[in-house]
Amino acid sequence: MSGRTRARACPERTCVGCRERAAKTDLLRIVVIKDACVPDPRGTLPGRGAYVHPALVCLDQAVRRRAFTRALRAPGALDTKALRHYVEQTEGCQQHIAEQATP
């Protein structure tokens, strides 16, 4: 045996909101469809993607800094309503699961 492990490196991406690096699986991919930021949880939609933590804090920072427009190379302002709705739903589900897990 050569001593090498078979563990594969985990791809990392940078959150456009908080600018922290994290595993690709921990972040939410965002793409632009018709001047709107759309969540791509499966990572299969075509086009340029940007990554953000699925938390309202990071989403708000990215919107305030206009990071989506820059990262996605969009010519104008982008609509983030669908993205905000998705993140709110995701956070709500995670909080509900955490409440049920604690006795």
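Residues numbered from 1 in each chain as written. Predicted model: local features only at pLDDT ≥ 70, side-chain atom pairs only at ≥ 80, totals over all residues. Heavy atoms only, no water.

When helices and strands are tallied, the chain shows 3 helices and 5 strands. The burial tally for the chain puts 29% of its 103 residues in the buried class. When contacts within the chain are restricted to residue pairs at least 6 apart in sequence, long-range pairs at least 24 apart make up 53% of them. (Helix = DSSP H or I, 4+ residues; strand = E, 2+ residues; numbered from the N terminus. Buried < 20%, exposed > 50% of the residue type's maximum accessible area, 1.4 Å probe, protein only. Contact = heavy atoms within 4.5 Å.)

Here we come to the state of the cysteines. Going through the model one piece at a time under the given rule, you end up with 0 disulfides. For the unlinked cysteine C18, the closest cysteine sulfur is that of C15, found at 3.7 Å. (Disulfide = S-S within 2.5 Å.)

Below, the discussion takes up the pairing of strand 4 (residues 37-40). In this structure, strand 3 (residues 28-32) lies alongside strand 4, joined through 4 bridges in antiparallel fashion. Paired with I30 across the two strands is P39, which belongs to strand 4. Following strand 3, the chain reverses through 4 residues before pairing antiparallel with strand 4; K34 in that reversal takes a positive phi of roughly 50 degrees. (Pairing = 2+ DSSP bridges.)

Counting 20 residues, the largest nonpolar core has V16, I30, C37, V52, F68, L72 and L83 as the members making the most contacts within it. Looking at this core, the elements with two or more residues in it are strand 3, strand 5 (50-52), helix 1 (56-64), helix 2 (67-71) and helix 3 (81-101). For F68, the contacting residues outside a window of four places in its chain are V16, I30, C37, V52, L59, A62, V63, R73, L78, T80 and L83. (Core = buried A, V, L, I, M, F, W, Y, C linked by side-chain atoms within 4.5 Å.)

Right, let's get into the pattern of salt bridges. It is possible for side chains bearing opposite charge to pair when their charged atoms get close. Counting across every chain of the model gives 3 salt bridges. Across the pair R21 and E12 runs a salt bridge, and its minimum N-O distance is 3.3 Å. Note on R21: relative accessible area 54%, which makes it exposed. Overall, E12 belongs to the partly exposed group, its relative accessible area being 42%. When the shortest N-O distance is used, the salt bridge between R84 and D60 registers 2.3 Å. Of this pair, R84 sits in helix 3 while D60 sits in helix 1; the two residues are 24 residues apart in sequence, bridging distant segments of the chain. (Salt bridge = Lys/Arg side-chain N within 4 Å of Asp/Glu carboxyl O.)

Now for helix 1. In an α-helix, one full turn covers 3.6 residues, which means residues spaced three or four apart are oriented alike. Residues C58, L59 and A62 constitute the buried set of helix 1. For helix 1, the angular spread of buried residues about the axis comes to 100 degrees, placing them on one side. Relative to its buried face, helix 1 has exposed residues pointing more than 90 degrees away, namely V57 and R64. One or two steps after helix 1, the chain reaches R66, where phi turns positive at roughly 55 degrees. (Arc of directions from axis to C-beta.)

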